[in-house]
Amino acid sequence: MTLPRIVVTLGDPCGIGPELLLRTLPELAAGASVTVAGARAGVDLLAGGPVPFAWEGDHLVTGGCRVPWIDPTPDIGTAALVLGQGGAASGRAAVEGVRAGALRVQAGLGDALVTLPLSKAAAHAAGYPIPGHTEFLQALAGSPITRMAFASPGLCVVLHTVHQSLRSVIDELDEDAVAETLSFAADRFGQLAGRPGLRVAVAGLNPHAGEDGAMGREEIEVITPTLEQLRREGLELIGPLPADTLFTPPVLARGDAVLAMYHDQGLAVLKYATFGQGINVTLGLPVIRTSVDHGTAFD
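Notes on the structure follow.

Quick notes on the rules
- Residues numbered from 1 in each chain as written.
- Predicted model: local features only at pLDDT ≥ 70, side-chain atom pairs only at ≥ 80, totals over all residues.
- Heavy atoms only, no water.
- Helix = DSSP H or I, 4+ residues; strand = E, 2+ residues; numbered from the N terminus.
- Rg over C-alpha atoms; globule rule 2.2 N^0.38 Å.
- Buried < 20%, exposed > 50% of the residue type's maximum accessible area, 1.4 Å probe, protein only.
- Contact = heavy atoms within 4.5 Å.
- Areas by Shrake-Rupley, 256 points an atom, 1.4 Å probe, with all protein chains shown as cover.
- Lys, Arg positive; Asp, Glu negative; His and termini not counted.
- Charge placed at Lys NZ, Arg CZ, Asp CG, Glu CD.
- 1 Å grid on protein atoms, 1.4 Å probe; cavity = no way out; pocket = protein on both sides within 12 Å on 5 of 7 lines; lining within 4 Å.
- Points joined across faces, edges and corners; volume = space filled by probe spheres on them.
- Nonpolar A, V, L, I, M, F, W, Y, C, P; charged D, E, K, R; others polar.
- Core = buried A, V, L, I, M, F, W, Y, C linked by side-chain atoms within 4.5 Å.
- Pairing = 2+ DSSP bridges.

Brief notes about the overall build of the chain
Helix and strand counts for the chain stand at 11 helices and 13 strands. Over its C-alpha trace the chain gives a radius of gyration of 21 Å, about what one expects of a compact globule, namely 19 Å for 299 residues. Considered along the principal axes of its C-alpha atoms, the chain spans approximately 65 × 45 × 35 Å. Here the chain, with 299 residues, has 46% of them falling under the buried criterion. Here the analysis covers contacts within the chain between residues at least 6 apart in sequence; of these, 70% occur between residues at least 24 apart. When the accessible surface of the chain is totalled, it reaches about 13,500 Å², and 55% of it is carbon and sulfur. Between the centroid of the 19 positive side chains of the chain and the centroid of its 31 negative side chains there is a distance of 5 Å.

Take a look at the structure:
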């Protein structure tokens, strides 16, 4: 049997990524051919810790497995890093690790990409003005559209907008954008699930989904007309529904996924319900990319 080839990017070497890698690598390597991209120094910061490891040339050895390692920033050593403190050095190491891993998969040398968390603040300190993994990977791949989605036991969420201010979410809301997200998400999520025709429950933007205009008119003027048009085109849509009651078992049982209008509307609930069990999936890339559902955990 040919094992799938998975490229793992280390994320910020001063965060929780290196420890996650050491603790999970034996299980991952048992079912896949794994290559890691990132700063070797991130693992070296954990020397003498509870998970033993060793280097054999350009391979990491731990837990009975031996995996090849790509370090695109060999000039960054442990002297430039402080465990638990992100900075310009760790930000550069993290971003260049993602670049190296993504390009390897895009070149056909891997089947899927798994990214451990990076720090946006550290990346910015290093001179990379990226909003996050999703947008950076989209630019590397040249994908015209991507969306951030999360899958967890009993709850799948797609985000209409991601790393942007609430003010800009409202200013940029329009029928074309919402229609694009819904059509795209239903199609791509359906492909990943192997089930076309997924039912999507759509959250309103305002409290009580606007309550017929009493708390905002975005539902009346933008979201509801969009859903009506897409229903005529064959999509199975529920809503718009108030976000405070959408995430309840009876409502969730009616759909396969939830479309949230903005980042925290969907992820606050998902992380409360299934933190540590959620999988971040980027819809729209030419390769499968998954990630953890949390950040660098510097603390």
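A closer look at the layout of surface pockets
Its volume calculated, the largest pocket comes out at about 420 Å³. Lining the largest pocket are 17 residues, with Leu 20, Thr 24, Val 114, Leu 116 and Val 292 sitting closest to its centre. Mapped by element, the contributors of at least two residues to the lining of the largest pocket are helix H1 (17-31) and strand E13 (288-291). Of the residues assigned to the lining of the largest pocket, the class counts are eight nonpolar, seven polar and two charged.

Thoughts on the nonpolar core
Leu 182, Val 202, Met 261 and Leu 283 are the most contacted members of the largest nonpolar core, which totals 25 residues. Among the elements that make up this core, the one with the highest residue count is helix H7 (residues 175-193) (six residues). Dropping the residues within four chain positions of it, Val 202 is found in contact with Leu 182, Ile 223, Leu 227, Ile 238, Gly 239, Pro 240, Leu 241, Leu 246, Leu 259 and Met 261. By size, the runner-up hydrophobic cluster in this structure holds 18 residues, among which are Leu 10, Val 43, Phe 53 and Trp 69.

Considering the environment of Gly 284
Its location among the elements puts Gly 284 in the loop between strand E12 (279-283) and E13. Judged by its relative accessible area of 17%, Gly 284 falls in the buried class. Remark: the alpha-carbon pair of Gly 284 and Asp 299, spanning 15 residues in sequence, is separated by 33 Å. Once you skip the residues sitting within four places of it in the chain, Gly 284 turns out to touch Ser 143, Ile 145, Thr 146, Phe 184 and Arg 188.

Thoughts on the pairing of strand E1 (residues 5-9)
For E1, a buried count of four out of five residues is recorded, marking the element as mostly surrounded by other parts of the structure. Where E1 lies against strand E2 (residues 33-37), five bridges are found, and the strand directions are parallel. When the sheet's bridge partners are listed, Val 8 is paired in E2 with Val 36. Note: E1 against strand E6 (residues 112-115), four bridges, orientation parallel. Opposite Thr 9, over in E6, you have Thr 115 as the bridge partner.

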